[in-house]
Amino acid sequence: LRYKAGEWNIDKTRVAALGGSAGAGTSLWLSTHDDMADASATDPVLRESTRVCCAALYGTQATYDVLRWESFLGPAQPGFWTNDAELPLFYGLGSVADMKSPVGEKARHECDMLSWISKDDAPVFIDNALDVPKPANRNEWLHTTQHARTVKKELQAAGVECVLVQDEKETKPKVGDFLRKYLHAGGQ
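Cut-offs and rules
Residues numbered from 1 in each chain as written. Predicted model: local features only at pLDDT ≥ 70, side-chain atom pairs only at ≥ 80, totals over all residues. Heavy atoms only, no water. Buried < 20%, exposed > 50% of the residue type's maximum accessible area, 1.4 Å probe, protein only. Helix = DSSP H or I, 4+ residues; strand = E, 2+ residues; numbered from the N terminus. Pairing = 2+ DSSP bridges. Right-handed = clockwise from strand over helix to strand, strands pointing away. Phe/Tyr/Trp six-rings, centres within 6.5 Å; stacked < 30°, edge-to-face > 60°. Axes fitted to C-alpha atoms, helices over the stretch in contact; angles between N-to-C directions. Contact = heavy atoms within 4.5 Å. Disulfide = S-S within 2.5 Å. Patch = residues over 30% accessible without salt bridge, like charges linked within 9 Å, V, L, I, M, F, W, Y side chains within 5 Å. Areas by Shrake-Rupley, 256 points an atom, 1.4 Å probe, with all protein chains shown as cover. Salt bridge = Lys/Arg side-chain N within 4 Å of Asp/Glu carboxyl O. Polar contact = N/O pair within 3.5 Å; in protein donor to acceptor, adjacent residues only side chain to side chain.

Hey, could you go over the pairing of strand β1 (residues 16-20) for me, with residue numbers and the actual values?
For a regular strand, side-chain orientation follows a simple rule: the groups alternate between the two sheet faces. In β1, alternate side chains face the same way, and those of Ala17 and Gly19 are buried while those of Ala16, Leu18 and Gly20 on the opposite face are not. With 5 bridges joining them, β1 and strand β2 (residues 54-58) adopt parallel strand pairing. Its bridge partner being in β2, glycine 20 is matched across the sheet by tyrosine 58. Crossover connection from β1 via helix α2 (residues 22-32) to parallel β2: handedness right-handed.

Describe the packing of aromatic side chains, listing the residues and the values that go with them.
This structure, assessed with the given rule, holds 9 aromatic pairs. Between the aromatic rings of tyrosine 58 and phenylalanine 125, the centroid separation amounts to 6.5 Å while the plane-to-plane angle is 55°, which identifies the pairing as tilted. Here the residue tyrosine 58 occupies a position in strand β2, and phenylalanine 125 occupies one in strand β3 (residues 124-127), the gap between them amounting to 67 residues. By relative accessible area, which is 30% here, tyrosine 58 ends up partly exposed. Each residue in the set Tyr58, Phe125, Phe178 and Tyr182 is aromatic and connected to the rest through ring pairs, giving one cluster.

Could you give an account of the sheet that holds strand β4 (residues 162-164), naming the residues involved and the relevant values?
Ordered by their spatial adjacency, 4 strands build an open sheet running β1-β2-β3-β4, and the pairing between neighbours is parallel. Two strands bound the open sheet, and with one partner strand each, they are β1 and β4. Geometrically, the sheet is characterised by an average inter-axis angle of 10° between neighbouring strands, direction not taken into account. Contacts from helix α9 (residues 145-157) reach β3 and β4, with the element oriented near 155° to β4.

Kindly report on the state of the cysteines, identifying the contributing residues and their values.
Under the definition given, this model contains 0 disulfides. Cysteine 162 takes part in no disulfide bond, and the closest cysteine sulfur, belonging to cysteine 54, lies 12 Å away.

Kindly report on unusual backbone geometry, identifying the contributing residues and their values.
For asparagine 9, which is not glycine, the phi dihedral falls at a positive 55°. With respect to the element layout, asparagine 9 can be found in the loop between α1 (5-8) and β1. Classification of asparagine 9 by relative accessible area gives exposed; the value is 72%. Even without being glycine, serine 21 reaches a positive phi, approximately 55°. If you trace the backbone, serine 21 turns up in the loop between β1 and α2. On the basis of relative accessibility, which here comes to 27%, the residue serine 21 falls in the partly exposed class.

Give me a nonpolar patch on the surface: which residues, what numbers.
Taken together, the side chains of Leu1, Trp8 and Ile10 present a nonpolar region at the surface, about 310 Å² in accessible area. In this fold, tryptophan 8 is placed in helix α1.

Residue-level account of the side chain of threonine 145, with values.
Inspection of the secondary structure puts threonine 145 in helix α9. Accessibility expressed as a relative area gives 0% for threonine 145, which makes it buried. A polar contact of 2.6 Å, which involves the side chain of threonine 145, links it to the backbone oxygen of asparagine 128. Excluding residues that lie within four positions of it along the chain, threonine 145 makes contacts with Asn128, Ala129, Leu130, Asp131, Leu164 and Gln166.

Quick one: what's the story with the pattern of salt bridges, residue by residue and with numbers?
For the coordinates displayed, the defined rule picks out 13 salt bridges. The salt bridge involving aspartate 131 is made with arginine 149; its shortest N-O contact spans 3.0 Å. On the criterion of sequence distance, the pair formed by aspartate 131 in the loop between β3 and α8 (138-143) and arginine 149 in helix α9 is long-range, its members being 18 residues apart. In this structure aspartate 131 comes out as partly exposed when scored by relative accessible area, which is 39%. Judged by relative accessible area, which is 30%, arginine 149 ranks as partly exposed. A salt bridge links aspartate 167 to lysine 152; the shortest N-O distance between them is 3.3 Å. Here the residue aspartate 167 occupies a position in the loop between β4 and α10 (175-183), and lysine 152 occupies one in helix α9, the gap between them amounting to 15 residues. Each of Asp131, Arg149, Lys152 and Asp167 takes part in salt bridges that share partners, so that together they form one network.

Here's what the structure looks like:
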């Protein structure tokens, strides 16, 4: 987007990320991860910033370091993961033991949005509608509001705005209003 901004008539200083489920996790990762622009790269695309102005997340996961999930979700129940190989394969590893190796720890850290949170991160809007006290199936395990509340807690601790729809009792925030606010877009 940023590399083609002139050709596509895009203001590269006003880029947001929005997604659902894995797209939400990716948007969260972009909003928390340090800028990966490489000013010395020969590829002009790699010289562009990877930071966003804001992010909107639907059904997000808090982190893709799945070993952290039990700390805020409790233990996984049978059937929450498809098989024993699913977790290590997520990181391109061969076993659960590999996930705790130096290579596995590095991969898990890179995917751990919570560990990347800092005060200069983009504001985040979250709607995780599966507000259940305890996940009872895989879909709830992956998308429960506990993921969102964990993100909100960490962002607020860093001084970053986080709107969680499920915690707003007085008014239901609208994603369009949030995006307009942080993209500084006029109109409706």
